[in-house]
Amino acid sequence: MTDIARPARRTFMCASAALGSAALLTACGDGHSEADTPEALPIPEPTGEGQAIMKATDLAIGSRALAPAKDPSGKEVGVLLFRKDEKTVLAYSNVCTHQGCAVSPKSSKEDFYCACHGSRFAPADGTVDAGPAIAALPRYAAAIEGDDIVAYVTAAQ
């Protein structure tokens, strides 16, 4: 008679289920979505009253920043800014289109970054460079007026 222990039926079934689940998840891929990334949203026309949110001299050409503003209800919102050239500044909502976390201009790359799940957005048009977000950042109208960067913040997007 041998003293080799045989696995219990329950142990065998649990191991089989775990291996099957692992194989199924591996077959699903690396999490990359083949869904089309929506194009950049159009730059809205200025409406309502603009808010001076930063001095133009505080945002160098090619740089990014986050500035506080107020939406029409008076609620504080964050506005992501990108200084495209001497006369052009682009503005976006800092609310990630994936799950609503705050997007930051602080990044190891030249982009806007959402630390919650790793989404990255292009400063030039707000489109997604890396997911899980698949929708571009909502845009605000913005302009350099005199010494100020003025944003036209609309209702919550």
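Each remark here, short or long, concerns the structure printed above.
First, a word on what this report is: a plain description of the structure on this page. Keep in mind it's a predicted model, so treat the numbers as computed, not measured.

## Here we look at the nonpolar core
Next, step 1: In terms of nonpolar packing, the biggest core is built from 15 residues, with Ile53, Met54, Leu59, Val79, Leu81, Ile149 and Val153 touching the most fellow members.
Next, step 2: Breaking this core down by element, the ones donating at least two residues are strand E1 (51–55), strand E2 (64–70), strand E3 (76–83), strand E4 (89–93) and strand E10 (148–152).
Next, step 3: With 3 residues, E2 is the largest single contributor of residues to this core.
Next, step 4: Once residues lying within four places of it in the same chain are set aside, the contact partners of Leu59 are Met54, Arg64, Ala65, Leu81, Phe82, Arg83, Val89 and Ile149.
Next, step 5: Grouped together as the second largest cluster of nonpolar side chains are 13 residues, Tyr92, Cys101, Ala133 and Leu137 included.

## Concerning the environment of Ile144
Next, step 1: With respect to the helices and strands, the residue Ile144 is situated in strand E9 (residues 139–145).
Next, step 2: Separated by 92 residues in the primary sequence, Ile144 and Ala52 have C-alpha atoms spaced 9.2 Å apart.
Next, step 3: Non-local contacts of Ile144, meaning those with residues more than four positions away in its chain, are made with Ala56, Arg83, Glu86, Lys87, Thr88, Val89 and Ile149.

## Quick word on the state of the cysteines
Next, step 1: The tally for this structure, following the rule as stated, stands at 1 disulfide.
Next, step 2: The disulfide that involves Cys101 links it to Cys116, with 2.3 Å between the sulfurs. Linking Cys101 and Cys116, the disulfide has an S-S dihedral of approximately -100° and is accordingly described as left-handed. Separated by 15 residues along the polypeptide, Cys101 in the loop between E4 and strand E5 (103–104) and Cys116 in the loop between strand E6 (112–114) and strand E7 (120–121) bring together distant segments of the chain.
Next, step 3: The exposure class assigned to Cys101 is buried, which follows from its relative accessible area of 17%.
Next, step 4: Take Cys96: it sits in no disulfide, and the sulfur closest to it among the cysteines is that of Cys114, at 3.8 Å.
Next, step 5: You can call Cys96 buried: its relative accessible area is 6%.
Next, step 6: For Cys114, a relative accessible area of 2% puts it in the buried group.

## Focus: the sheet that holds E7
Next, step 1: Read across the open sheet, the 4 strands follow the order E5-E6-E7-E8; overall the sheet is antiparallel. Strand pairing shows two members of the sheet lacking a second neighbour, E5 and strand E8 (128–130), which therefore form its edges.
Next, step 2: Here E6 pairs with E7 via 2 bridges, running antiparallel. Bridge pairing in E7 places Tyr113 opposite Arg120.

Quick notes on the rules
- Residues numbered from 1 in each chain as written.
- Predicted model: local features only at pLDDT ≥ 70, side-chain atom pairs only at ≥ 80, totals over all residues.
- Heavy atoms only, no water.
- Core = buried A, V, L, I, M, F, W, Y, C linked by side-chain atoms within 4.5 Å.
- Buried < 20%, exposed > 50% of the residue type's maximum accessible area, 1.4 Å probe, protein only.
- Helix = DSSP H or I, 4+ residues; strand = E, 2+ residues; numbered from the N terminus.
- Contact = heavy atoms within 4.5 Å.
- Disulfide = S-S within 2.5 Å.
- Pairing = 2+ DSSP bridges.

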